[in-house]
Amino acid sequence: MRTFIAAVALLAATEASAVPPRLSDGMLVDGHGMTLYAYAGKGAPDATACEGSCELNFPPAIADPRDTQTGSLTIVTGASGGPQWAYEGRPLYHGRMDKKPGDHQADGLNSMWYPVRP
């Protein structure tokens, strides 16, 4: 049963990432309309910048192997070694504090996290 649940979760995550980021209300969002963030600090985000676990609070915007890059939206190798969406070379992340499409609760968090506004 655990294997089945894990497989369903993996499939759902893969399907959710199959839609490339798009512009909505002046910000980049994922396929569900959730705001995508870029880290403005130096190097990789750390626990101080993320208010704890970066993987938990700012999970990467995973790209599907079938996705194609276009213009300033590219696919980079994320910290976990998998494909991750990037804008102008900056990796994109979700903000776990956002609850519905259009939220951007992490805007300016620790002066390091900002919604991507092309």
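Predicted, not measured: the structure shown is a model, and the values here were computed from it.

Peer 1: Explanation requested: the overall build of the protein chain in the structure shown.
Peer 2: Scanning the protein chain for helices and strands turns up three helices and seven strands. In the protein chain, the succession of helices and strands from N to C terminus is α-β-β-β-α-α-β-β-β-β. For the protein chain, the proportion of its 118 residues judged to be buried stands at 32%. For the protein chain, long-range pairs separated by at least 24 residues make up 61% of all intrachain contacts whose partners lie at least 6 apart in sequence. For the protein chain, the exposed surface amounts to about 7,100 Å²; the carbon and sulfur share of it is 58%.

Peer 1: How should I be thinking about the pattern of salt bridges in this particular structure?
Peer 2: Note on pairing: side chains with opposite charge can pair once their charged atoms come close. Taken as a whole and judged by the stated rule, the model has three salt bridges. With its nearest N and O atoms 3.1 Å apart, the salt bridge here joins R117 to D107. With R117 in the segment after β7 (113-115) and D107 in the loop between β6 (90-94) and β7, this residue pair connects regions lying 10 residues apart in the sequence.

Peer 1: Would you mind showing me how to read the state of the cysteines here?
Peer 2: In this structure the tally under the stated criterion is one disulfide. Between the sulfur atoms of C50 and its disulfide partner C54 the distance amounts to 2.0 Å. The chirality of the disulfide connecting C50 with C54 is right-handed, given an S-S dihedral of about 95 degrees.

Peer 1: When you look at unusual backbone geometry in this model, what are you seeing that I'm missing?
Peer 2: A negative phi angle is the norm for most residues apart from glycine, just as the trans form is the norm for most peptide bonds. Backbone geometry at D25 places phi at a positive 50 degrees, although glycine is not the residue there. If you trace the backbone, D25 turns up in the loop between β1 (22-24) and β2 (27-29). Note on D25: relative accessible area 75%, which makes it exposed. The phi torsion at E51 lies on the positive side, around 60 degrees, for a residue other than glycine.

Peer 1: So what exactly am I meant to see when it comes to the pairing of strand β5 (residues 83-87) here?
Peer 2: Taken residue by residue, a regular strand's side chains alternate between the two faces of the sheet. Of all five residues in β5, four are buried; the element is thus mostly enclosed. If you look at the hairpin formed by strand β4 (residues 73-77) and β5, you'll find five residues sitting between the two strands, and G81 has a positive phi there, around 95 degrees. As paired elements, β5 and β6 share two bridges and run antiparallel to each other. What sits directly across from Y87, in β6, is R90. Turn length for the β5-β6 hairpin, with the two strands adjacent in sequence and antiparallel, is two residues, and the turn residue E88 shows positive phi of about 50 degrees.

Definitions and cut-offs
Residues numbered from 1 in each chain as written. Predicted model: local features only at pLDDT ≥ 70, side-chain atom pairs only at ≥ 80, totals over all residues. Heavy atoms only, no water. Helix = DSSP H or I, 4+ residues; strand = E, 2+ residues; numbered from the N terminus. Buried < 20%, exposed > 50% of the residue type's maximum accessible area, 1.4 Å probe, protein only. Contact = heavy atoms within 4.5 Å. Areas by Shrake-Rupley, 256 points an atom, 1.4 Å probe, with all protein chains shown as cover. Salt bridge = Lys/Arg side-chain N within 4 Å of Asp/Glu carboxyl O. Disulfide = S-S within 2.5 Å. Pairing = 2+ DSSP bridges.

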